[in-house]
Amino acid sequence: MKLLTHNLLSSHVRGVGPRGFPLRLQATEVRINPVEFNPDFVARMIPKVEWAALLEAADTLHLVEVPKGPIEGYEHDEKFLRQMHHVLLEVDVLEGTLQCPESGRLFPISRGIPNMLLSDEETET
Amino acid sequence: MIDVQTKMAGRALELLYLPEGQPCYLLDIGCGSGLSGDYLSDEGHYWVGIDISPAMLDAALDRDTEGDLLLGDMGQGIPFKPGSFDGCVSISAIQWLCNANKKSDIPAKRLYCFFSSLYSVLVRGARAVLQLYPENSEQLELITTQATKAGFTGGVVVDFPNSAKAKKFYLCLFSGPSTFLPKPLNESNDDDEEVQESEFTRERVLYRMARRGIVRKSREWVLGKKARRRRQGEDVRPDTRYTGRKRRPRF
């Protein structure tokens, strides 16, 4: 699971709504994958990124060189875009858990795939 | 088998009408082993796939797909923040929402939950193209009704409607203001051949018209009835300007 996906994932347990974001990440196995750099895509995703959640996740994974926020004119700043590309798309969480901040429910991550299946009681009406 | 899925993925991406040359962040519902996802990656897009089958997702891992995978049930909702995705595709998946796998499942509820959460996770004005195999017209209607309730506009594009084998249904949904519905593919490119499309909007329709489509006893209805009887081979008076006109009260 890439950090870009983690930044957008939200808990859909019944009754949680917008308080189901961000999911707290705990990782036991992480891998770095080289991914082709596409500056257009990274620049388009920057406005969608929730920085507090990203910084928290990067902190948990002990990542270095993580920008603290969008900088002026980031669309043309290749160094900034490359750093964001690495953080968002090249860091892959293979094993770990995601925790819903409101309900405390744990979603396990196995082989890079988070299990978001809910039981009947938890499903949104 | 692989070829058909890839072709459908291509057609779905075509119907999405994404802006040219721009890599987008897409959602693949019922991604399975990632066949459609691979097509999206080849076109330069980034995607997240959801599937309910761990076996299929394992197969996707073996195929080393580039998109992120999630194990989830689409009928429980899409677990993403609002405005996450630039578009959504689905190949041969959403008809499964109409099956009730457990006694407690109500298809209409699951469909509504799916569509309303899909509406929310799409960027404003984004589209969703969902290829499906509806069992019958009631099933298709159930699906489109729930999609409309969730706030989508759009319609069903039927490719090759006259071929039993090649016929494919694409449910094209728009989350913004109503735009045009793409033209379906047809074997013979005759312009006078009737193409099946159904467009639905949230506009309210007069109750009696919604029930029948045509108001009973109106001129339109009379002309329709006469045309029907002519087709049946009956002897019918020709239509004149007096046909179906309002008579005096004492008639």
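Residues numbered from 1 in each chain as written. Chains lettered and ligands numbered in written order. Predicted model: local features only at pLDDT ≥ 70, side-chain atom pairs only at ≥ 80, totals over all residues. Heavy atoms only, no water.

*Asks:* Please clarify how the environment of B:Gln139 should be interpreted in this entry.
*Replies:* Residue and element names in this part refer to chain B. Here Gln139 lies in helix H5 (residues 137-149). For Gln139, the contacting residues outside a window of four places in its chain are Gln95, Cys98, Tyr133 and Pro134. Within the structure, the side chain of Gln139 is placed 3.0 Å from the backbone nitrogen of Glu135, a separation counted as a polar contact. (Helix = DSSP H or I, 4+ residues; strand = E, 2+ residues; numbered from the N terminus. Contact = heavy atoms within 4.5 Å. Polar contact = N/O pair within 3.5 Å; in protein donor to acceptor, adjacent residues only side chain to side chain.)

*Asks:* It is not clear to me how the sheet that holds strand S1 (residues 24-32) of chain A should be interpreted in this structure. Could you clarify?
*Replies:* Across the sheet, four strands lie side by side as S1-S2-S3-S4 (chain A); this open sheet has antiparallel pairing. Edge positions in the sheet fall to S1 and strand S4 (113-114) of chain A, since each has one partner strand and no second. (Pairing = 2+ DSSP bridges.)

*Asks:* Before we go on, may I ask you to explain the side chain of B:Ser92 in this structure?
*Replies:* All names here are of chain B. Assignment of secondary structure puts Ser92 in the loop between strand S4 (85-91) and helix H4 (107-121). Its relative accessible area of 16% is what places Ser92 among the buried residues. If we skip the residues at most four places from it in the chain, Ser92 touches Gln5, Met8, Gln131 and Tyr133. (Buried < 20%, exposed > 50% of the residue type's maximum accessible area, 1.4 Å probe, protein only.)

*Asks:* Can you help me understand the interface of chain B and chain A in this one?
*Replies:* Size of an interface, as often reported, equals the accessible area lost when the parts are brought together. In this complex, chain B contributes 32 residues to the contact, which on the side of chain A involves 30 residues. Considering only the surface of chain B that becomes buried against chain A, B:Tyr46, B:Gln76 and B:Lys81 emerge as the three largest contributors, covering 26% of it. Run the count over chain B and chain A and you get six salt bridges. The salt bridge partner of A:Arg111 is B:Asp58, with a shortest N-O separation of 3.1 Å. Taken together, the connections running from chain B to chain A amount to 14 residue pairs in polar contact (both at pLDDT 80 or more). When residues of the side of chain B that touches chain A are traced back to their parent elements, those giving at least two are strand S2 (46-51), helix H3 (54-62), strand S3 (68-71) and S4 of chain B. Considering only residue class, the side of chain B that touches chain A consists of 16 nonpolar, eight polar and eight charged. (Buried area = accessible area lost by both parts, 1.4 Å probe. Salt bridge = Lys/Arg side-chain N within 4 Å of Asp/Glu carboxyl O. Nonpolar A, V, L, I, M, F, W, Y, C, P; charged D, E, K, R; others polar.)

*Asks:* I tried to follow the nonpolar core on my own but got confused; where do I start?
*Replies:* Taken as a class, soluble globular proteins show a tendency for nonpolar side chains to be buried jointly. All names here are of chain B. In terms of nonpolar packing, the biggest core is built from 74 residues, with Ile94, Phe114 and Phe115 touching the most fellow members. Those residues within four positions of Phe114 in sequence are excluded, and the remaining contacts are Ile29, Met74, Gly75, Ile78, Ile94, Leu97 and Leu130. In this structure, Leu18, Leu40, Ala60 and Leu181 belong to the second largest nonpolar core, which totals 25 residues. (Core = buried A, V, L, I, M, F, W, Y, C linked by side-chain atoms within 4.5 Å.)

*Asks:* I would appreciate a short explanation of the state of the cysteines in the present structure.
*Replies:* By definition, a disulfide is the covalent link that joins the sulfur atoms of two cysteine residues. Residues and elements named next belong to chain B. The full count for this structure, using the stated rule, is zero disulfides over all chains. We note that Cys31 lacks a disulfide partner, and the nearest cysteine sulfur, in Cys88, lies 11 Å from it. Classification of Cys31 as buried rests on a relative accessible area of 4%. Summary of cysteine pairing: Cys172 is not part of a disulfide, and the nearest cysteine sulfur, belonging to Cys88, is at 11 Å. (Disulfide = S-S within 2.5 Å.)

*Asks:* When you look at the pairing of strand S7 (residues 168-174) of chain B in this model, what are you seeing that I'm missing?
*Replies:* Where a strand is regular, its side chains alternate between the two sheet faces. All names here are of chain B. Within S7, seven of the seven residues are buried, which leaves the element mostly enclosed by the surrounding structure. Side chains Lys168, Tyr170, Cys172 and Phe174 project from S7 onto one buried face, and the interleaved Phe169, Leu171 and Leu173 project onto a second face that is buried too. One ladder, built from six bridges, connects strand S5 (residues 122-132) with S7; its direction is antiparallel. By the bridge assignment for S7, Leu132 is matched with Phe169. In this sheet, S7 lies alongside strand S6 (residues 153-159) in antiparallel orientation, the contact comprising seven bridges. Pairing of Gly154 across the sheet is with Leu173, part of S7.

Purely geometric stuff here, so don't read any function into it on its own.
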